[in-house]
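Survey of secondary and tertiary structure
Spelled out from the first residue to the last, the chains are:
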Amino acid sequence: MFRNTLIAAALATTATAASANTIVDIAASDERFSTLVAAVTAAGLVETLQGDGPFTVYAPVNDAFAALPDGTVETLLQPENKEQLTNVLLYHVDDRQLNAGDFPAGSNYFKPVLASERLCITAGDGVMIADGTGEMANVIIADIQADNGVIHVIDKVLLPGTRPACH
């Protein structure tokens, strides 16, 4: 009987691991995020974003990366630019789980994992995010739940820079 309990426990653990649905798993299974997944891989952040979390990831779609100036993505993906790529990607991550309903009405500063920077998130009829360029990204799909956090799909790559105006 003890042996059967151990086998059942091992199978349950294997089934749980096999059904894990981390932020990385969700992004990797959706073609709209292929550029983001390539960038996360090049930056060496896959293991981090497969961790326990919780995380909130503002995930740009491929079209958002394509809208960057010509050559930007290719330059960031080069090994010698790994630190810059990592900084850009960590600007898209909060180390808390923030569902769309958790953003207070109006405009408020939020601190991404890239600690020296801030985002201005405006919640109202939708959710918009101002980055270090002062430009706005729109959350086009909110609250994709993962085992280790939540994904908000955005239409612009967030770039660090100066603190956005948030009033």
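About the thresholds
Residues numbered from 1 in each chain as written. Predicted model: local features only at pLDDT ≥ 70, side-chain atom pairs only at ≥ 80, totals over all residues. Heavy atoms only, no water. Helix = DSSP H or I, 4+ residues; strand = E, 2+ residues; numbered from the N terminus. Buried < 20%, exposed > 50% of the residue type's maximum accessible area, 1.4 Å probe, protein only. Contact = heavy atoms within 4.5 Å. Areas by Shrake-Rupley, 256 points an atom, 1.4 Å probe, with all protein chains shown as cover. Core = buried A, V, L, I, M, F, W, Y, C linked by side-chain atoms within 4.5 Å. Arc of directions from axis to C-beta. 1 Å grid on protein atoms, 1.4 Å probe; cavity = no way out; pocket = protein on both sides within 12 Å on 5 of 7 lines; lining within 4 Å. Points joined across faces, edges and corners; volume = space filled by probe spheres on them. Nonpolar A, V, L, I, M, F, W, Y, C, P; charged D, E, K, R; others polar. Pairing = 2+ DSSP bridges. Phe/Tyr/Trp six-rings, centres within 6.5 Å; stacked < 30°, edge-to-face > 60°.

**Some thoughts on the overall build of the protein chain**
- The number of helices and strands found in the protein chain is seven helices and seven strands.
- In the protein chain, the order of α-helices and β-strands from amino to carboxyl end is α-α-α-α-β-α-α-α-β-β-β-β-β-β.
- Sorting the 167 residues of the protein chain into buried and exposed places 40% on the buried side.
- Contacts in the protein chain between residues far apart in sequence, at least 24 positions, make up 64% of those at least 6 positions apart.
- For the protein chain, the exposed surface amounts to about 8900 Å²; the carbon and sulfur share of it is 55%.

**Here's the deal with the nonpolar core**
- Within the largest apolar cluster, 44 residues are counted, with the highest numbers of intra-cluster contacts made by Tyr 58, Leu 89, Phe 103, Ile 121, Ile 129 and Leu 158.
- Residue contacts for Tyr 58: discarding those within four places in its chain leaves His 92, Leu 98, Phe 103, Leu 119, Ile 121, Ile 129, His 152, Ile 154 and Leu 158.

**Notes on helix α3 (residues 34-43)**
- The complete set of buried residues in α3 reads Leu 36, Ala 39, Val 40 and Ala 43. All buried residues of α3 fall inside an arc of 100 degrees around its axis, so they share one side.
- Each element contacted by the buried residues of α3 is listed here: α4 (46-49), β1 (55-60), α5 (62-66) and α7 (82-90).
- Gly 44 sits one or two residues past α3 and shows a positive phi near 75 degrees.

**Focus on the environment of Gly 124**
- Take Gly 124: it is sitting in the loop between β4 (119-123) and β5 (127-130).
- Each C-alpha atom, one on Gly 124 and one on Phe 103, is 9.1 Å from the other, the two residues being 21 residues apart in sequence.

**Structural notes on empty space enclosed by the protein**
- This model, assessed by the stated rule, comprises two cavities of 30 Å³ or more.
- Forming the walls of the largest cavity are 17 residues, and the residues nearest its centre are Ile 23, Leu 36, Val 40, Leu 49 and Val 57.
- Those elements giving two or more residues to the lining of the largest cavity turn out to be α2 (23-28), α3, α4 and β1.
- Broken down by element, the residue count for the lining of the largest cavity peaks at four residues, all from β1.
- Each residue belonging to the lining of the largest cavity can be placed in one class, and the counts come to 16 nonpolar, one polar and no charged.
- Its boundaries defined by the atoms lining it, the second largest cavity holds a volume of some 30 Å³.
- The wall of the second largest cavity is formed by Ala 39, Phe 65, Leu 68, Val 73, Leu 76, Leu 85, Val 88 and Leu 89.
- Only α6 (72-76) and α7 provide two or more residues apiece to the lining of the second largest cavity.
- Sort the elements by how many residues they give to the lining of the second largest cavity and α7 lands first, with three residues.
- Partitioned by chemical class, the residues of the lining of the second largest cavity number eight nonpolar, no polar and no charged.

**Quick look at the pairing of β1**
- Counting buried residues in β1 gives six out of six residues, a clear majority hidden from the surface.
- The alternating pattern of β1 places Phe 55, Val 57 and Ala 59 on one face and Thr 56, Tyr 58 and Pro 60 on the opposite face, and all of these are buried.
- Bridge analysis of β1 against strand β7 (residues 149-154) gives six bridges, and the strand direction is parallel. Pairing of Thr 56 across the sheet is with Val 150, part of β7.

**Considerations on the packing of aromatic side chains**
- Taken as a whole and assessed by the stated rule, the structure comprises one aromatic pair.
- Between Phe 103 and Phe 110, the aromatic rings sit 5.3 Å apart at their centres with planes inclined by 85 degrees, giving edge-to-face as the arrangement.
- Residue classification places Phe 110 among the buried residues on the basis of a relative accessible area of 10%.

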